[in-house]
Amino acid sequence: MEARTTYFGNDTRYRLFKAAKYLVYLLLSFNIYLFLQEELLALSFTFADGIEPGQLIQAFSATIDTAAWVILLLMFELETSALDDRKIRGSVKWGLHGLRGFCYIALTYAFTGYYQELVTLYEVVPLSIGDACSLVAADYSLLVDLDEYVPLDTVNCTALSGQVFTLTGFNILADSETLHSAQLLAWVDLINAADWILVVIVLEVEVRLQLRGNLSDQVMGATKLIKVILYSILFLCAAYWGYGGDFLDFWDASLWLFAFIFIELNVFEWQYETDQESPVAA
């Protein structure tokens, strides 16, 4: 039997593409658990006295964000690759769009969580008590990195240098260098979240136009330029996390870049199949 020709050249390359794609999707799904573990650990320091419903997004912004993105990614996978175009009609179409809409709400909600976390890191006051070690018995914690804390003790309190700050509303101390580093990472989180929302808006436009048969080469050229800029920003965010030593964020960002490259390739394959099925008459 003659091998099927695809955008990737042949069936063997296409199968390798699919295997790599689904492996990345699986790893991203596992990252939901990793972020949940990280944020549950931070919760014991930031909201040790209990958490109110309105504070959930600040406490679990990364977990909510990642879970919503994984669901959204699978929705795009269904529309751009797994489902036949003829099946994306009626209740299936509205079901996919409805679930994607729910994910967009969750992503916007998570974005506000990143913003709240950034604001919290700027709502600080200089330590009014000259000796931070005097707070050891007062159940204070020490910020060591973004979303990472350790109990304040007689050893680490003596290692604090320069100006020491307290986070307003929390029993958390931070020296100026650590606080500045955490603020920069929080800015990167916020920029990264906003950038991904823009990426998915552009992708949404492409998917809807493809379903209508209106995804022209001119539109693809325009969206490609926009996405080059957006993906470049995402690459810089990932590089900053790698440079800053935040491995989980770097690992997660790298996987997401691979995942959406696969979705982009899905769109190319989808358009190729459409062109093969409907050749232009000579």
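The coordinates are above.
As a starting point, this report considers the structure included with it. (Residues numbered from 1 in each chain as written. Predicted model: local features only at pLDDT ≥ 70, side-chain atom pairs only at ≥ 80, totals over all residues. Heavy atoms only, no water.)

Each helix and strand counted, the chain has 7 helices and 5 strands in total. Listing the helices and strands of the chain from first to last along the sequence gives α-α-α-α-β-β-β-β-β-α-α-α. In terms of overall dimensions, the chain has a C-alpha envelope of 85 × 35 × 35 Å along the principal axes. Per-residue burial for the chain yields a buried fraction of 44% across its 282 residues. Within the chain, residue pairs in contact and separated by at least 24 positions form 76% of the contacts whose partners lie at least 6 positions apart. Total accessible area on the chain is roughly 15,000 Å²; 64% of this is exposed by carbon and sulfur atoms. Put simply, the chain has 14 plus and 34 minus side-chain charges, and the middle of one group is 22 Å from the middle of the other. (Helix = DSSP H or I, 4+ residues; strand = E, 2+ residues; numbered from the N terminus. Buried < 20%, exposed > 50% of the residue type's maximum accessible area, 1.4 Å probe, protein only. Contact = heavy atoms within 4.5 Å. Areas by Shrake-Rupley, 256 points an atom, 1.4 Å probe, with all protein chains shown as cover. Lys, Arg positive; Asp, Glu negative; His and termini not counted. Charge placed at Lys NZ, Arg CZ, Asp CG, Glu CD.)

Before going further, it helps to spend a moment on the state of the cysteines. Among covalent bonds in proteins, the disulfide is the one between the sulfur atoms of two cysteines. Scanning all chains against the criterion turns up 1 disulfide. Bridging Cys 133 to Cys 157, the disulfide has an S-S length of 1.9 Å. Since a negative S-S torsion denotes a left-handed disulfide, the Cys 133-Cys 157 link at about 95° is right-handed. Of this pair, Cys 133 sits in the loop between strand S1 (124-126) and strand S2 (141-145) while Cys 157 sits in the loop between strand S3 (148-151) and strand S4 (164-167), and the two are 24 residues apart along the sequence. Residue classification places Cys 133 among the partly exposed positions, given a relative accessible area of 23%. With a relative accessible area of 5%, Cys 157 lands in the buried category. (Disulfide = S-S within 2.5 Å.)

On to the environment of Leu 96, then. Of note, Leu 96 is situated in helix H4 (residues 90-122). Among all residues touching Leu 96, those that are not within four sequence positions of it are Met 75, Leu 78, Glu 79, Leu 83 and Ile 88.

Okay, the side chain of Asp 195 next. Looking at the secondary structure, you find Asp 195 in helix H5 (residues 176-211). In this structure, Asp 195 is buried with no salt-bridge partner, the nearest side chain bearing the opposite charge being Lys 227 at 12 Å. With residues up to four places along the chain from it excluded, the contact list for Asp 195 reads Leu 230, Ile 233 and Leu 234. (Salt bridge = Lys/Arg side-chain N within 4 Å of Asp/Glu carboxyl O.)

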